[in-house]
Amino acid sequence: VQLVESGGGLVQPGGSLRLSCAASGSIFNINAMGWYRQAPGKQRELVAAITSGGSTNYADSVKGRFTISRDNAKNTVYLQMNSLKPEDTAVYYCNAGVKSFVVSPYRDYWGQGTQVTVSS
């Protein structure tokens, strides 16, 4: 199973970016999908998560600015980031709990990360 992220880049404060993460490979089912971020010198933290049924969870620091969504038919999760701040600068990682076969357990998979830089 591979998770491939796209959509990172450099944006000015107040701007917007949309991250995408597509899962491929041996996939029977995906339960929760989420976005984490890690800034230099800091621990990786949860940004937002979404269940297969569409329930969402956000870090307090991004509530009202970021929106997570997913397309189950495409095994893809998105993160719409608005009103970006310099403190949002980090490497953003996609995460998914994947069951590869009907009899296999769910396993956590991670993307390679995409850099988001918010600076004027």
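That block above? That's the structure.
Only a predicted model underlies this, so the values are computations on that prediction, with no experimental measurement involved.

Rules used in this analysis
- Residues numbered from 1 in each chain as written.
- Predicted model: local features only at pLDDT ≥ 70, side-chain atom pairs only at ≥ 80, totals over all residues.
- Heavy atoms only, no water.
- Helix = DSSP H or I, 4+ residues; strand = E, 2+ residues; numbered from the N terminus.
- Rg over C-alpha atoms; globule rule 2.2 N^0.38 Å.
- Contact = heavy atoms within 4.5 Å.
- Areas by Shrake-Rupley, 256 points an atom, 1.4 Å probe, with all protein chains shown as cover.
- Lys, Arg positive; Asp, Glu negative; His and termini not counted.
- Charge placed at Lys NZ, Arg CZ, Asp CG, Glu CD.
- Salt bridge = Lys/Arg side-chain N within 4 Å of Asp/Glu carboxyl O.
- Buried < 20%, exposed > 50% of the residue type's maximum accessible area, 1.4 Å probe, protein only.
- Pairing = 2+ DSSP bridges.

Tell me about the overall build of the chain, and please be specific about residues and values.
Scanning the chain from N- to C-terminus turns up 0 helices and 11 strands. Its C-alpha atoms give the chain a radius of gyration of 14 Å, near enough to 14 Å, the size a compact globule of 120 residues would have. Sequence separation of 24 or more characterises 55% of the internal contacts of the chain that already satisfy a separation of 6 or more. Carbon and sulfur atoms make up 49% of the accessible area of the chain, which amounts to about 6,300 Å² in all. Mean positive and mean negative side-chain charge positions of the chain (11 and 7 charges, respectively) differ by 4 Å.

Got a sec to walk through the pattern of salt bridges? Specific residues and values, please.
Overall, the coordinates contain 4 salt bridges when judged by the stated rule. Put simply, Glu45 and Arg37 hold a salt bridge, and the shortest N to O gap is 2.7 Å. Among the residues examined, Arg37 registers a relative accessible area of 7% and is labelled buried. The shortest N-O distance in the salt bridge between Arg65 and Asp88 comes to 2.8 Å. With Arg65 in the loop between strand S6 (56-58) and strand S7 (66-71) and Asp88 in the loop between strand S8 (76-81) and strand S9 (90-99), this residue pair connects regions lying 23 residues apart in the sequence. Grouping residues by exposure puts Arg65 and Asp88 together as buried. Through salt bridges with shared partners, one network takes in Arg37, Glu45, Arg65 and Asp88.

I'd like a description of the pairing of strand S4 (residues 29-38), backed by residues and values.
Where S4 lies against S9, 8 bridges are found, and the strand directions are antiparallel. Note on S9: the bridge partner recorded for Trp35 is Cys94. Alignment of S4 against strand S5 (residues 45-50), held across 5 bridges, turns out to be antiparallel. Residue pairing in the sheet places Met33 in a bridge with Ile50 of S5. If you look at the hairpin formed by S4 and S5, you'll find 6 residues sitting between the two strands, and Gly41 has a positive phi there, around 80 degrees.

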